[in-house]
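Chain by chain, the residues:
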Amino acid sequence: MFTGELFPNPWVLPNEQLGPHAWVLRGCALPHVAEILVAVAAIESASPFRHMLTPGGHTMSVALTNCGALGWTSDRQGYRYSATDPLTGQAWPAMPAALLRLAREAAAQAGFGQFTPDACLINRYAPGARMSLHQDRNEQDFSAPIVSVSLGMPATFLFGGRQRSDPVSKVTLVHGDVAVWGAGDRLRFHGVAPLKDKPHPLLGSQRINLTFRKAA
Ligand code: SIN
Ligand code: FE2
């Protein structure tokens, strides 16, 4: 599998393997940042970022929106995918072609051909926001990988095992990095440590994460 570049950017770290089927593709999204940000602006104008409630009644520190046929949502009743945005009552914005292309390209680089995500969760982290350790298991089948794009401020990504109590590795994800995990690594616990305020030249004091999944 070829995961490098012909003319590597010396400012970008080498790709990192987190498991047999789990990779951090350094700088993989960099060539696409401008079109991703245009896409996110259009998506949030139709379906704004909002802080959802967890089933336990806590307000999530991360603000989120979605694009694609299905969007991930949370409320007192639980976590689920929904074809409509509960805030607007409308369908989620369609997944822009540029986002789909990036997700497919990253999945292929990590060894997952034919990835066709139908859901893209967009998380926005302000300083102090975090994502506690969890497994992504609201999807119908776990044969498709997860593709997770990081933009803006750096984050400490926590990548554990299949049991909550398994040891957790810490890896810094920076602007343009893409993490991909699937197959035997698909159900590994993961999360994000509370975000430090290290303003990013383009995005300021925020981090945007786009997580592509095949939900149905
Ligand atoms: C998630 O697991 O939904 C988000 C991961 C991240 O923000 O990097
Ligand atoms: Fe997740």
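Remember, it's a predicted structure, so these values are computed and weren't measured experimentally. (Residues numbered from 1 in each chain as written. Chains lettered and ligands numbered in written order. Predicted model: local features only at pLDDT ≥ 70, side-chain atom pairs only at ≥ 80, totals over all residues. Heavy atoms only, no water.)

Enquirer: Honestly, the overall build of the protein chain in this entry has me stumped. Any pointers?
Expert: Secondary structure assignment for the protein chain yields two helices and 13 strands. Computed over C-alpha atoms, the radius of gyration of the protein chain comes to 16 Å, within 12% of the 17 Å expected from 2.2 N^0.38 for 216 residues, which places it in the range of a compact globule. Expressed as a percentage of its 216 residues, the buried residues of the protein chain come to 51%. Accessible surface, the protein chain: about 10,100 Å² in total, of which carbon and sulfur atoms supply 57%. Positive and negative side-chain charges in the protein chain, numbering 19 and 15 respectively, have mean positions lying 6 Å apart. (Helix = DSSP H or I, 4+ residues; strand = E, 2+ residues; numbered from the N terminus. Rg over C-alpha atoms; globule rule 2.2 N^0.38 Å. Buried < 20%, exposed > 50% of the residue type's maximum accessible area, 1.4 Å probe, protein only. Areas by Shrake-Rupley, 256 points an atom, 1.4 Å probe, with all protein chains shown as cover. Lys, Arg positive; Asp, Glu negative; His and termini not counted. Charge placed at Lys NZ, Arg CZ, Asp CG, Glu CD.)

Enquirer: Just checking my understanding: could you explain helix 2 (residues 97-109) for this structure?
Expert: Think of an α-helix as 3.6 residues a turn; residues three or four steps apart then line up on the same face. Over its 13 residues, helix 2 extends 18 Å from the first C-alpha to the last, a length consistent with the 18 Å expected when each residue adds 1.5 Å. Buried within helix 2 we find Ala98, Leu99, Leu102, Ala103, Ala106 and Ala107. Viewed along the axis of helix 2, the buried residues span an arc of 165°, placing them on a single side of the element. Just beyond helix 2, the residue with positive phi is Gly111, at close to 100°. (Expected span 1.5 Å × (residues − 1). Arc of directions from axis to C-beta.)

Enquirer: Would you mind showing me how to read the side chain of Asn123 here?
Expert: Turning to its location among the elements, Asn123 is positioned in strand 6 (residues 119-125). We classify Asn123 as buried; its relative accessible area is 3%. Not counting residues within four places of it along the chain, the set of residues in contact with Asn123 comprises Phe49, Val62, Ala63, Leu64, Met131, Arg207, Ile208, Asn209 and Thr211. (Contact = heavy atoms within 4.5 Å.)

Enquirer: Is there a simple way to think about the coordination of the iron ion (ligand 2) in this case?
Expert: Working reference: metal with six octahedral donors, ideal angles 90 or 180 degrees; metal with four tetrahedral donors, ideal angle 109.5 degrees. In this structure, His134 (NE2), Asp136 (OD) and His190 (NE2) serve as the protein donors to the iron ion (ligand 2), at separations of 2.1 to 2.2 Å. Between the four donor atoms coordinating the iron ion (ligand 2), the angles at the centre fall across 89 to 177°, so the site counts as irregular. The motif formed by the donor residues of the iron ion (ligand 2), counted along the single chain, is H-x1-D-x53-H. Classification of His134 by relative accessible area gives partly exposed; the value is 22%. (Donors = N, O, S within 2.8 Å, 3.2 Å for Na, K, Ca; no water. Tetrahedral: all angles 85-135°; square planar, octahedral: opposite > 155°, others 65-115°.)

Enquirer: Would you mind going over the pattern of salt bridges with me for this structure?
Expert: Two side chains carrying opposite charge are able to pair once their charged atoms lie near each other. Counted under the stated rule, the structure contains eight salt bridges. Two residues, Asp136 and Arg213, come together in a salt bridge whose shortest N-O distance is 2.9 Å. One end of the pair, Asp136, is in the loop between strand 7 (131-134) and strand 8 (146-152); the other, Arg213, is in strand 13 (residues 207-213), and 77 residues separate them in sequence. Residue Asp136 is classed as buried on the basis of its relative accessible area of 4%. With relative accessibility at 6%, the residue Arg213 sits in the buried group. Salt-bridge contacts for Glu139 lead to Arg213; the nearest nitrogen and oxygen are separated by 3.6 Å. Linking Glu139 in the loop between strand 7 and strand 8 with Arg213 in strand 13, this pair joins segments that are 74 residues apart in sequence. Accessibility classification places Glu139 together with Arg213 in one group, the buried group. Through salt bridges with shared partners, a single network forms among Asp136, Glu139, Arg186 and Arg213. (Salt bridge = Lys/Arg side-chain N within 4 Å of Asp/Glu carboxyl O.)

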